[in-house]
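Chains, contacts and geometry: an overview
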Amino acid sequence: SQQGEEDPQALSIQEGENATMNCSYKTSINNLQWYRQNSGRGLVHLILIRSNEREKHSGRLRVTLDTSKKSSSLLITASRAADTASYFCATDKRNTPLVFGKGTRLSVIA
Amino acid sequence: DAGITQSPRHKVTETGTPVTLRCHQTENHRYMYWYRQDPGHGLRLIHYSYGVKDTDKGEVSDGYSVSRSKTEDFLLTLESATSSQTSVYFCAISDGQGGPVQYFGPGTRLTVT
């Protein structure tokens, strides 16, 4: 299975600190995406990084991809209480459905 | 939620009864997906559709069937609900397979007693 595994399972930080979450996967991929899920809501797409890219930025988000290590990281800088959510990585091969990991629960304490 | 609705939003049913969940989109996206989300398992794909009347199985399809007679509607049916199917069910849509982003509905919380 190419399922991503997020690490850590749970993370608690103070507001203003940076939060880093990692995702490892098992097989070669075409793309890797990160999604956020607020409690009781559906997932929301954050960022997509292609297998030939190494780093992408979107606002306070920075994603890196290391295909040699089959891993990705999501960095949220200057975290806010509103960033409290679960974060999922999802991987795909060409023309196959996304496969989601089990997620990291982030708590940002004001 | 990107023009995706799910109904019902909450349902309690008894073991052995049939249940149908509906996903409706207004985005005219080709692909539609049904996932279930359980603690410790993350999000798992049940079935997906790549066009009207075109469907395929996902990782956890046993005990579920789907139908898509119109682009905008994707139905998930539990023919005879079991307690192991208690879960939160999410519908998602995308305009392609693989890379394109998926947009999720608000979810349906199903409890089978």
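For the structure, check the block above.
To start, this report covers the structure provided alongside it. One numbering rule holds for all chains: residues counted from 1, following each sequence as written. Naming scheme: in the order in which they are written, chains are lettered from A and ligands are numbered from 1. This being a predicted model, a pLDDT of at least 70 is required before a residue's local features are given, and a value of 80 or more before pairs of side-chain atoms are given or counted; all residues contribute to the totals for chains, interfaces and linings. The side-chain numbers reported here are obtained from all heavy atoms of the structure, hydrogens and water having been left aside.

Per the convention used, a helix needs a DSSP run of H or I reaching at least four residues, while a strand needs a run of E reaching at least two, with both numbered from the N terminus. In terms of regular secondary structure, chain B is built from zero helices and eleven strands. In this treatment the radius of gyration is a C-alpha quantity, and the globule benchmark scales as 2.2 Å times the residue count to the 0.38 power. In terms of C-alpha radius of gyration, chain B reaches 13 Å, essentially the compact-globule figure of 13 Å for 113 residues. In chain B, which comprises 113 residues, the share counted as buried stands at 51%. Contacts are residue-level and defined by heavy atoms, with any inter-residue pair within 4.5 Å sufficient. For chain B, long-range pairs separated by at least 24 residues make up 56% of all intrachain contacts whose partners lie at least 6 apart in sequence. Only the protein chains shown count as covering a residue, and every accessible area follows the Shrake-Rupley method with a 1.4 Å probe. Of the accessible surface of chain B, which amounts to about 5,000 Å², a share of 47% is contributed by carbon and sulfur atoms. In chain B, 11 side chains carry a positive charge and 12 a negative one; their mean positions are 3 Å apart. Here's how the labels work: a residue is buried when its accessible area is under 20% of the maximum for its type, exposed when over 50%, partly exposed in between, all with a 1.4 Å probe on protein chains only. Here the positive residues are Lys and Arg and the negative ones are Asp and Glu; neither His nor the chain ends is included. Every charge is mapped to an atom, namely NZ of Lys, CZ of Arg, CG of Asp or CD of Glu.

Residues and elements named next belong to chain A. DSSP-based pairing: two strands are paired if at least 2 bridges between them are found. One open sheet accounts for five strands, arranged S1-S3-S8-S7-S6; its pairing is antiparallel. The outermost strands of the open sheet, each flanked by one partner alone, are strand S1 (5-7) and strand S6 (55-58). Recorded for the sheet is a direction-independent mean angle of 20° between the axes of neighbouring strands. Judged from the four bridges that link them, S6 and strand S7 (residues 61-66) form a sheet pairing that is antiparallel. By the bridge assignment, Ser58 is partnered in S7 with Leu61. Axis definition: a line fitted to C-alpha atoms, limited for helices to the stretch in contact. Angles are taken between N-to-C directions and run from 0 to 180 degrees.

All names here are of chain B. With antiparallel pairing, the four strands of this open sheet are ordered in space as S1-S3-S8-S7. The open sheet has two edge strands, strand S1 (4-7) and strand S7 (64-70), and neither has a second partner. Averaged over neighbouring strand pairs, the angle between their axes works out to 20° when direction is ignored. Sheet analysis places strand S3 (residues 19-25) next to strand S8 (residues 73-78), joined by six bridges and oriented antiparallel. Each residue of the ladder has a partner; that of Arg22, found in S8, is Leu75.

With that settled, the discussion passes to the packing of aromatic side chains. Side-chain rings of Phe, Tyr and Trp (the six-membered ring for Trp) are treated as a pair once their centres are within 6.5 Å; stacked means planes under 30 degrees apart, edge-to-face means over 60, and tilted covers the remaining angles. Here the structure, examined in full by the defined rule, presents ten aromatic pairs over all chains. One aromatic cluster in this structure is built from Tyr35 and Phe100 of chain A together with Tyr31, Tyr33, Tyr35, Tyr48, Tyr50 and Phe104 of chain B.

Right, let's get into the nonpolar core. When a protein is soluble and globular, its nonpolar side chains tend to lie buried together. Residues Leu32, Trp34, Leu74, Ile76, Tyr87 and Leu106 of chain A are the most contacted members of the largest nonpolar core, which totals 21 residues. At the level of elements, strand S3 (19-24), strand S4 (31-37), strand S5 (43-50), S7, strand S8 (71-76), strand S9 (85-92) and strand S11 (104-109) of chain A are the ones that each hand at least two residues to this core. Put simply, a nonpolar core is a bunch of buried Ala, Val, Leu, Ile, Met, Phe, Trp, Tyr and Cys residues held in one set by side-chain atoms that sit within 4.5 Å of each other.

Here we take up the pairing of strand S11 (residues 108-112) of chain B. The two faces of the sheet receive side chains in turn, since in a regular strand these alternate between them. All names here are of chain B. Burial along S11 is one-sided: the face carrying Thr108, Leu110 and Val112 is buried and the face carrying Arg109 and Thr111 is not. Examined bridge by bridge, strand S2 (residues 10-13) and S11 share four bridges and lie parallel to one another. Within S11, the position partnered with Thr13 by the bridge is Val112. Of the strand pairs in this sheet, strand S9 (residues 87-94) and S11 are connected by three bridges, and their pairing is antiparallel. Bridge pairing links Tyr89 to Thr108 in S11.

Another point: the pattern of salt bridges. One side chain can pair with another of opposite charge once the charged atoms of both are near each other. Throughout this description, the term salt bridge denotes a Lys or Arg side-chain nitrogen within 4 Å of a carboxyl oxygen of Asp or Glu. Evaluated as defined, the whole model comprises six salt bridges over all chains. Between Arg60 of chain A and Asp83 of chain A there is a salt bridge, with the nearest N and O atoms lying 2.9 Å from each other. Highlighted residues: Arg60 of chain A in the loop between S6 and S7 and Asp83 of chain A in the loop between S8 and S9, separated in sequence by 23 residues. Here Asp38 of chain B makes a salt bridge to Arg36 of chain B, at a shortest N to O gap of 2.8 Å. An identical accessibility class is assigned to Asp38 of chain B and Arg36 of chain B; each is buried.

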